[in-house]
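# A closer look at the structure
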Amino acid sequence: PIYVRHEIVHNRSVVEELESRGVVFVGELDEVPAGARVVFSAHGVARSVPQEAERRELSYLDATCPLVSKVHRGAERNSAEGREVVLIGHAEHPEVVGTMGQLEPGEMQLVETVADAEEFAPRDPKRIAYATQTTLAVDDTEEIIRVLRRRFPDIAEPHKDDICYATTNRQAAVKAIAPRCDAIVVIGSPNSSNSLRLTEVARKAGCPLAVMVGSYAELNWSALANTTTVGVTAGASAPERLVQDLVAAFRERYLVTVEEMTVTTEDVHFRLPRSLEEA
């Protein structure tokens, strides 16, 4: 079988589909038999994980999202240039654990809130840089960055925004539709950071009701009894079929008119890992 360390993405539908095809998900590498094949999740892993896989002679494939890998390389570069790295993110999230694991302990400091940014005390205020988890709420992250810039004018910034384009585009779309909606339904999983952020963005943008469901089967239809306009969006790792299934469920109960809101066109494509291309 193929083993995967942690959920490949934070979406239960994707995980369950892969499990049905024989994939085995594990928490740590010590659950993988020696010599087996293992995939690292899209959230990225600490440097110690592939080292451990090699020590145990596991055949591994690193499925880290290229946008997460970019954050890793940026942190390594800043550390090599003598800067203390500030990571804006959520403690215990697999991506944050993996990113902080790119450097030696103490070389990267986690900042989760504006209050944390106000209290952060670097070793040298003129030699720091920041990076961000890729699935954060854009507005909340900007607030933290503004505090860091005010307190540390010399702070080094990423060459490009660290937050994933799929995350920012979805948040922009939700902001655009929220004032027009009586409710917004987000398709995602509770452990999906970017899905949780979509519900928060919807509420802050003026939608009176924002709910998250794994699929149409989890939707509380009675909560939508007095709604006429419902927005539908999905987390970055939710398959499109879940969106279409939800729309079909609405059609079974209501006379539905669907309007698609486009705020941008995504044209980013990533290559497969080299070992897969060669295969």
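Let us look at the structure shown here. (Residues numbered from 1 in each chain as written. Predicted model: local features only at pLDDT ≥ 70, side-chain atom pairs only at ≥ 80, totals over all residues. Heavy atoms only, no water.)

### Things to note about the sheet that holds strand E5 (residues 84-88)
- Pairing within the open sheet is parallel, and its three strands lie in the order E6-E5-E7. In this open sheet, the two strands that pair with only one neighbour each are strand E6 (108-111) and strand E7 (128-132). Taken over all neighbouring pairs, the strand axes of this sheet differ in orientation by 25° on average, direction set aside.
- Pairing analysis gives five bridges linking E5 to E7, with the strands arranged parallel. Residue Val86 lies in a different strand from E7, and its bridge partner there is Tyr130.
- Seen against the sheet, helix H6 (residues 138-151) touches E5, E6 and E7 and runs at an angle of roughly 155° to E5. (Pairing = 2+ DSSP bridges. Helix = DSSP H or I, 4+ residues; strand = E, 2+ residues; numbered from the N terminus. Axes fitted to C-alpha atoms, helices over the stretch in contact; angles between N-to-C directions. Contact = heavy atoms within 4.5 Å.)

### A closer look at the side chain of Arg197
- Looking at the element boundaries, Arg197 is found in helix H8 (residues 193-204).
- Take Arg197: its relative accessible area is 10%, and that puts it in the buried class. (Buried < 20%, exposed > 50% of the residue type's maximum accessible area, 1.4 Å probe, protein only.)

### Brief notes about the pattern of salt bridges
- Across all of its chains, the model carries 21 salt bridges by this definition.
- Between Arg12 and Glu16 there is a salt bridge whose closest N-O contact spans 3.7 Å. Residue Arg12 and its partner Glu16 are both found in helix H1 (residues 12-20); the two are separated by four residues, about one turn of the helix.
- Take Glu16: its relative accessible area is 45%, and that puts it in the partly exposed class.
- Here Arg123 makes a salt bridge to Glu107, at a shortest N to O gap of 3.7 Å. (Salt bridge = Lys/Arg side-chain N within 4 Å of Asp/Glu carboxyl O.)

### Describing the nonpolar core
- With 15 residues, the main nonpolar core has Ile88, Tyr130 and Leu148 as its most contacted residues.
- For this core, the secondary structure elements donating two or more residues are E5, E7 and H6.
- Considering each element in turn, this core owes the most residues, four residues, to H6.
- Counting 14 residues, the second-largest nonpolar core is a separate cluster that includes Val185, Leu224, Leu246 and Ala249. (Core = buried A, V, L, I, M, F, W, Y, C linked by side-chain atoms within 4.5 Å.)

### Remarks on the environment of Gln171
- When you line up the elements, Gln171 lands in helix H7 (residues 165-177).
- When near neighbours in sequence (up to four residues on either side) are disregarded, Gln171 contacts Leu136, Ala137, Val138, Arg197, Leu198 and Val201.
- At 3.0 Å, the side chain of Gln171 and the backbone oxygen of Leu136 are in polar contact.
- A polar side-chain atom of Gln171 sits 2.9 Å from the main-chain amide nitrogen of Val138. (Polar contact = N/O pair within 3.5 Å; in protein donor to acceptor, adjacent residues only side chain to side chain.)

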